[in-house]
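# Residue-level structural notes
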Amino acid sequence: MKLGGAQEGVRPSVAVFRLGVCLLMSTTGCYTYRPVTAPGPEAGARITAVVSGAGATALSPLLGPDVSEVNGRVVEAGTDTLRVSVMSVTSQRGIPASWRGELVPLPRANLNSVGERHLATGGTVLFGVGLTSGLYLLYRLLGGPGIIEGTGGTGGGGGR
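Residues numbered from 1 in each chain as written. Predicted model: local features only at pLDDT ≥ 70, side-chain atom pairs only at ≥ 80, totals over all residues. Heavy atoms only, no water.

Right, let's talk about the confidence of the model for the protein for a bit. Scored by pLDDT, the protein comes out at a mean of 78, with 62% of its residues at no less than 70. For the stretch residues 1-6, pLDDT sits under 50, and the model shows two contacts to residues farther than four places along the chain or on other chains. (pLDDT = per-residue confidence, 0-100. Contact = heavy atoms within 4.5 Å.)

Turning next to unusual backbone geometry. Despite not being glycine, Asp66 shows a phi value in the positive range, around 60 degrees. Position of Asp66 among the secondary structure elements: in the loop between α2 (53-63) and β3 (67-77). You can call Asp66 partly exposed: its relative accessible area is 46%. (Helix = DSSP H or I, 4+ residues; strand = E, 2+ residues; numbered from the N terminus. Buried < 20%, exposed > 50% of the residue type's maximum accessible area, 1.4 Å probe, protein only.)

Further remarks concern the side chain of Asn110. Tracing the chain through its elements places Asn110 in the loop between β5 (96-107) and β6 (111-119). If we ignore the near neighbours within four places in the chain, the residues touching Asn110 are Val51, Ser52, Gly55, Ala58 and Leu59.

Turning next to the pattern of salt bridges. Think of it this way: side chains of opposite charge can pair up when their charged atoms draw near. Across all of its chains, the model carries one salt bridge by this definition. Between Glu76 and Arg83 there is a salt bridge, with the nearest N and O atoms lying 3.8 Å from each other. A relative accessible area of 33% means that Arg83 is categorised as partly exposed. (Salt bridge = Lys/Arg side-chain N within 4 Å of Asp/Glu carboxyl O.)

Attention shifts here to a nonpolar patch on the surface. Together, Leu135, Leu138 and Leu142 make up a nonpolar patch on the protein surface, roughly 260 Å² of accessible area in all. On the secondary structure map, Leu135 appears in helix α3 (residues 121-141). Under the relative-accessibility criterion, Leu135 is labelled partly exposed at 31%. (Patch = residues over 30% accessible without salt bridge, like charges linked within 9 Å, V, L, I, M, F, W, Y side chains within 5 Å. Areas by Shrake-Rupley, 256 points an atom, 1.4 Å probe, with all protein chains shown as cover.)

Here we come to α2. Note on helix geometry: an α-helix contains 3.6 residues per turn, so any two residues three or four positions apart are oriented the same way. Inspection of α2 places Gly55, Ala56, Leu59 and Leu63 among the buried residues, and these make up the whole buried set. Angular distribution of buried residues about the axis of α2 spans 95 degrees; they occupy a single face of the element. Looking at α2, the residues exposed on the side facing more than 90 degrees away from the buried face are Ala54, Thr57 and Pro61. For α2, the elements touching its buried residues are β2 (46-51), β3, β4 (81-91) and β5. Positive backbone phi, at 100 degrees, marks Gly64, one or two positions downstream of α2. (Arc of directions from axis to C-beta.)

Attention now goes to the nonpolar core. Ranked by size, the top nonpolar core spans 18 residues in total, and within it Ile47, Val51, Leu63, Val70, Leu106 and Leu111 carry the most contacts. Contributing elements (two or more residues each) for this core: β2, α2, β3, β4, β5 and β6. At four residues, β4 tops the list of elements feeding residues into this core. Excluding residues that lie within four positions of it along the chain, Leu63 makes contacts with Val70, Val89, Trp99, Val104 and Leu106. (Core = buried A, V, L, I, M, F, W, Y, C linked by side-chain atoms within 4.5 Å.)

Laid out in structure tokens, this is it:
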């Protein structure tokens, strides 16, 4: 007989643990930003754009004073301008500020560099293996299935 869709021979607590590990693994990831090559980036790409000194001055009415970096998603990539849905900006002092996806045109002439976000498979696999191993070790150290199912003891507070 199967309990709650668990595989036969696998206790429900073990199935829940495995499901939790799978969910955690599917939501974590390590990312890196790689320099964009011509003509990129494409629409929908997550980018970080480093603003030049002159660009910070020119873009200050749109982004605020002393912005050094813009993070967001490319909405449209023209030859001269990137239209970006901005998620955050970082000042020259390193202070981040969150945005809510406002569309901002970024002239390429005002940018020192543009990096596109990519999944770092090696780092993600290494992080996932380490996290899974650590969680399994913690699970075993705390009593394995007994922490979820209880010990099945006889109680002890019965009447006399």
